[in-house]
Amino acid sequence: MPDCFYITTPIYYVNAKPHLGHAYTTIMADVAARFHAMAGKKVFFLTGTDEHGDKIMKAAAARGVSPKAYADTISALFRDLWTELDIGYSHFIRTTDENHKQVVSRVLAAIYEAGDIYFSEYEGLYCFGCERFYTERELVNGKCPDHDTPPERIQEANYFFKMSKYQQWLIDHITDNPDFIRPEGYRTEILSFLKEPLDDLCISRPTSRLDWGIPLPFDDRYVTYVWFDALLNYVSALGYPDDDRYMTFWPAVQHLTAKDIIKPHGIYWPIMLKAAGIPLYNHLNVHGFWQIESCKMSKSLGNVVNPLDMKNTYGTDAFRYFLCREMSFGLDAGFSEEALVQRINADLANDLGNLFSRVLAMTAKYFKNRVPAADDANLPPCDIDIGALARTTVAAYEAQMATFHMNRALAAVWDLISAMNRFIDYSAPWTLAKDPAKADALAAVIYTLLEGLRIVAGLVYPVMPGTGKTMMAHLGLDGPDSELFRLEDFKQWGRLVPDTVVAKPASLFPRVELAPSTDNACAPEDAPPAIAFAPEIDIDAFSKVDLRVGTVTAAEKIPKARKLLKLTVDIGEIRTVVAGLAEAYAPEDLVGRQVVIVANLKPAVLMGVESHGMVLAAVDGKNGITATVDKPAPPGTRLK
Ligand SMILES: Nc1ncnc2c1ncn2[C@@H]1O[C@H](COP(=O)(O)OP(=O)(O)OP(=O)(O)O)[C@@H](O)[C@H]1O
Ligand SMILES: [Zn+2]
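Residues numbered from 1 in each chain as written. Chains lettered and ligands numbered in written order. Predicted model: local features only at pLDDT ≥ 70, side-chain atom pairs only at ≥ 80, totals over all residues. Heavy atoms only, no water.

### Observations regarding the environment of Asp243
One can find Asp243 in the loop between helix H8 (233-236) and helix H9 (244-249). According to the relative accessible area criterion, Asp243 is partly exposed, its value standing at 32%. Each C-alpha atom, one on Asp243 and one on Thr628, is 70 Å from the other, the two residues being 385 residues apart in sequence. Separated by 2.9 Å, the side chain of Asp243 and the backbone nitrogen of Arg245 make a polar contact. (Helix = DSSP H or I, 4+ residues; strand = E, 2+ residues; numbered from the N terminus. Buried < 20%, exposed > 50% of the residue type's maximum accessible area, 1.4 Å probe, protein only. Polar contact = N/O pair within 3.5 Å; in protein donor to acceptor, adjacent residues only side chain to side chain.)

### Focus on helix H15 (residues 406-427)
The periodicity of an α-helix, 3.6 residues per turn, causes residues three or four positions apart to be oriented the same way. Between the first and last C-alpha of H15 there are 31 Å, a value that for 22 residues agrees with the 32 Å anticipated at 1.5 Å per step. Ala428 lies just past H15 and shows a positive phi near 40°. (Expected span 1.5 Å × (residues − 1).)

### A few points about helix H13 (residues 337-367)
Maximum bend of H13: about 35°, positioned at Gly353. Phi turns positive, to about 50°, at Lys368, one or two residues after H13. (Bend = angle between axes of the 7 residues up to and from the residue.)

### Here's the deal with the site of ligand 1
For ligand 1, the set of nearby residues contains 20 residues, the closest of which are His19, Thr25, Lys296, Met297 and Lys299. Within the side chain of His22, one N or O atom sits 3.0 Å away from an oxygen atom of ligand 1. Between ligand 1 and the protein, one listed contact pairs a nitrogen atom with a backbone N or O atom of Trp290 at 2.9 Å. Within the complex, the protein chains bury 90% of what would otherwise be the 600 Å² of accessible surface of ligand 1. Of all the secondary structure elements, the ones that give two or more residues to the shell around ligand 1 are strand S1 (4-13) and helix H1 (20-38). (Near = heavy atom within 4 Å. Areas by Shrake-Rupley, 256 points an atom, 1.4 Å probe, with all protein chains shown as cover.)

### Notes on the packing of H13 against H15
Closest axis-to-axis distance for the H13/H15 pair is 10 Å, and the angle between their directions is 45°. Between H13 and H15, the angle falls in the class oblique. Where H13 crosses over H15, the two elements pack in a sense that is left-handed. Only Trp414, Ile417, Met420, Asn421, Ile424 and Asp425 of H15 make contact with H13, whose side of the interface consists of Asp347, Leu348, Asp351, Leu352, Leu355, Arg358, Val359 and Met362. Grouping the constituent residues of the contact of H13 with H15 by class yields nine nonpolar, one polar and four charged. (Axes fitted to C-alpha atoms, helices over the stretch in contact; angles between N-to-C directions. Parallel < 35°, antiparallel > 145°, perpendicular 65-115°, else oblique. Left-handed = near helix turned anticlockwise from the far one by under 90°. Contact = heavy atoms within 4.5 Å. Nonpolar A, V, L, I, M, F, W, Y, C, P; charged D, E, K, R; others polar.)

### Details of unusual backbone geometry
Across the junction of Arg182 and Pro183, the peptide omega takes the value -5°, indicating a cis bond. Cis geometry marks the peptide bond from Trp250 to Pro251, where omega comes out at 5°. Along the chain, Pro251 falls in the loop between H9 and strand S12 (253-258). In the Ramachandran plot, Asp86 falls in the positive-phi region, its phi being about 65° despite a non-glycine side chain. Asp86 gets classed as partly exposed once you look at its relative accessible area, which sits at 31%. In this structure, Ala428 takes a positive phi of about 40° despite not being glycine.

### Considerations on the UniProt feature "short sequence motif: 'HIGH' region" (unreviewed entry) in the protein
When the UniProt feature table is mapped onto this chain, "short sequence motif: 'HIGH' region" (unreviewed entry) is found at residues 12-22. Measuring from the first to the last C-alpha atom of residues 12-22 gives 8 Å, for a span that is 27% helix and 18% strand. (UniProt positions renumbered as here; feature names shortened; annotations may be inferred.)

### Considerations on the environment of Trp250
Inspection of the secondary structure puts Trp250 in the loop between H9 and S12. What makes Trp250 buried here is its relative accessible area of 6%. The sequence separation of Trp250 and Tyr281 amounts to 31 residues, and the corresponding C-alpha distance is 7.4 Å. Among residues more than four places away in sequence, those in contact with Trp250 are Tyr6, Tyr234, Val235, Leu238, Arg245, His255, Trp269, Leu273, Ile278, Pro279 and Tyr281. Only 2.8 Å separates the side chain of Trp250 from the backbone oxygen of Pro279, close enough to count as a polar contact.

### Comments concerning the pattern of salt bridges
Evaluation of the coordinates by the stated rule reveals 33 salt bridges. Linking Lys165 and Asp116 is a salt bridge whose minimum nitrogen-to-oxygen distance equals 2.7 Å. Note that Lys165 is positioned in the loop between strand S6 (152-161) and helix H5 (167-176) and Asp116 in the loop between helix H4 (98-113) and strand S4 (117-127), a separation of 49 residues in sequence. With relative accessibility at 2%, the residue Asp116 sits in the buried group. (Salt bridge = Lys/Arg side-chain N within 4 Å of Asp/Glu carboxyl O.)

### A short note on the environment of Thr47
As for its placement among the helices and strands, Thr47 is situated in strand S2 (residues 42-50). For Thr47, a relative accessible area of 0% translates into the label buried. Separated by 18 residues in the primary sequence, Thr47 and Ala29 have C-alpha atoms spaced 8.9 Å apart. Setting aside residues no more than four positions away along its own chain, Thr47 makes contact with Thr9, Pro10, Tyr12, Thr26, Trp82, Tyr89, His91, Phe92 and Ile93.

### A word on the domain arrangement of the protein
Accessible area lost when the parts come together is the quantity often used to give the size of an interface. As assigned here, the protein comprises domain 1 (4-310), domain 2 (336-491) and domain 3 (539-639). Between the C-alpha centres of domain 2 and domain 3 the distance comes to 30 Å. (Domains from an automatic or database assignment.)

### A closer look at the sheet that holds S2
Strand order in the open sheet formed by six strands is S3-S2-S1-S12-S13-S7, and the pairing between neighbours is parallel. Each edge of the open sheet carries a strand with a single partner, namely strand S3 (91-94) and strand S7 (181-182). Note that S1 and S12 share three bridges and pair parallel. Pairing of Thr8 across the sheet is with His255, part of S12. (Pairing = 2+ DSSP bridges.)

### What to know about the packing of aromatic side chains
Considering all chains together, one arrives at 33 aromatic pairs under this definition. Members of the aromatic cluster, each reached through a chain of ring pairs, are Tyr6, Phe44, Tyr234, Phe249, Trp250 and Trp269. The side chain of Arg79 reaches across the aromatic face of Phe92, ending 5.0 Å from its centre. Here the guanidinium or amino end of Arg209 rests over the ring plane of Tyr126, the centre of that ring lying 4.8 Å away. (Phe/Tyr/Trp six-rings, centres within 6.5 Å; stacked < 30°, edge-to-face > 60°. Lys NZ or Arg CZ within 6 Å of the ring centre and 35° of its normal.)

### A look at a nonpolar patch on the surface
Nonpolar side chains collect at one region of the surface, where Ile537, Ile539 and Phe542 lie side by side and expose about 320 Å² of accessible area between them. Tracing the backbone shows Ile537 in the loop between helix H20 (487-491) and helix H21 (539-543). Relative accessible area serves as the criterion here: at 56%, Ile537 is assigned to the exposed category. (Patch = residues over 30% accessible without salt bridge, like charges linked within 9 Å, V, L, I, M, F, W, Y side chains within 5 Å.)

### Considerations on the sheet that holds strand S8 (residues 201-202)
Spatially, S5-S4-S6-S8 is the arrangement adopted by the four strands of the open sheet, whose pairing is antiparallel. The strands lining the two open edges of the sheet, one partner per strand, are strand S5 (132-134) and S8. Bridge analysis of S4 against S6 gives 10 bridges, and the strand direction is antiparallel. Paired with Tyr118 across the bridge in S6 is Phe160.

In structure tokens form, the structure reads like this:
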């Protein structure tokens, strides 16, 4: 039997329509599902909506509809959005599903009988916005930290779940299983919560106050409160306790959530499972928040970006790519449309799109749209070995995807794409084409590029399913996704069959411009165009760049390289630096000049010359300026 992979998103609360934060988690889950299916696993992908509780009841009442009718409408918005965003979930659960309600009852009854649920009078500070009690310690200036309103003191008899009983057991489990909660920072956070005594969890609300919920099986004057209802969706959706799906996929589960709900997922849920005698889940994977101007994007704050607008303006794949590439898994990220436009133009239109159309155009021109037969041995001498790089790329990609670091996996793929673009420039197929003696070399170059594109198509597929399929179709490869996209096939170099007919060049991603927003709609017409700045970094990220004043002591052209100069630069030590300045400067113009060098850039080999640093310059063909200092400075002076 193949390995199993079960991925879940949180079930989203239907008190407002979906925003970009929900889209991110669900897209990440879809990417993971597609990747693991590609790796040969049997996959189940669950998402859905959480539909009980106070807020739903109030929102429905405000609109004069029943809670169920209200939940139906909002739940459908989520489902429709997932279709628009190419999300291929296996099952969409709703907590109002009959089967789910039965599982909740059953688990509650079992835990009650085992003696882990008790009845008690409780007085506490209650936030109606959050639908929960707060301890004094948790309040900020006496107010709910989420709603900034003072909680009300209420007294109530309720049912409680004995979480405290399992506190030490959970600490031991998390300590013994270092990747139970990941990334590491969130594991540490949970362990630090657990240093304080754990309060028992209130799991009921009297029907006199709230009747939109699942009745407690042992006392129908009460309904189940949020977490015992919501968290159990992860097993009820599989048909716990005896359905085949449950037997197959539990506990091979990877939960995926944002950091707002790590406490319920990292503390309540494992303890509930333990008390119910259900095996623990494998992993909880936690991501950060999308922020707008440093505030969490959230429906409560109303500062949300509508994912459908982004999709309609920029396309599904581009939007998916941006979300996966821009956020470092586990950390917060700021959202801006400028950054989205910048990534589309730089990564998708320029790097990937140009590569794709150039290679197809050359295949059309030199080989009449057919994959040439070729032998790697005929490749012209070049420092870039695309075949070897493809192998290491797939390995890095696989490792990063497995731990949800989609951003790093994509960075690895884009390194391969950049190398292929450089490989075209260095091997200059248009020159090879002029010399009949170089026909074999030309065939080897084009084959390498087409085969590289096949691998790129496979690796981008989980993130950009449409693009992966379009690329494959252009390379003459067709079939159902399950056959077309198998990770094994991308680990092997040379699978593209000579003589396969490839399509004419196509534009994968046209360049885009920032769509006018309502904010700048009334800007005067002659306002200067907005500059697409690179995404924001913090001072720590910047301080990693070691900038030094250097004096150029020698400069020469690099044979066969149109743009490159080899510079010898004194930065307190003597460095060889390759710079793309040859069109803008004669070598002798640079000697004696002071320049600014990035001193800690990883060495790279360019046209056979190893470069140990980079010259700061703005060069566009023959126009070039290098950054310099306004008075002579000792070589090696650091700039900050
Ligand atoms: N800003 C965000 N960044 C990333 N993910 C988010 C963000 N907001 C919501 N999510 C996703 O939605 C889940 C929470 O869903 P919920 O329905 O509570 O949304 P919410 O906007 O945070 O709601 P509220 O503002 O009412 O707290 C998170 O765990 C995460 O999966
Ligand atoms: Zn609150």
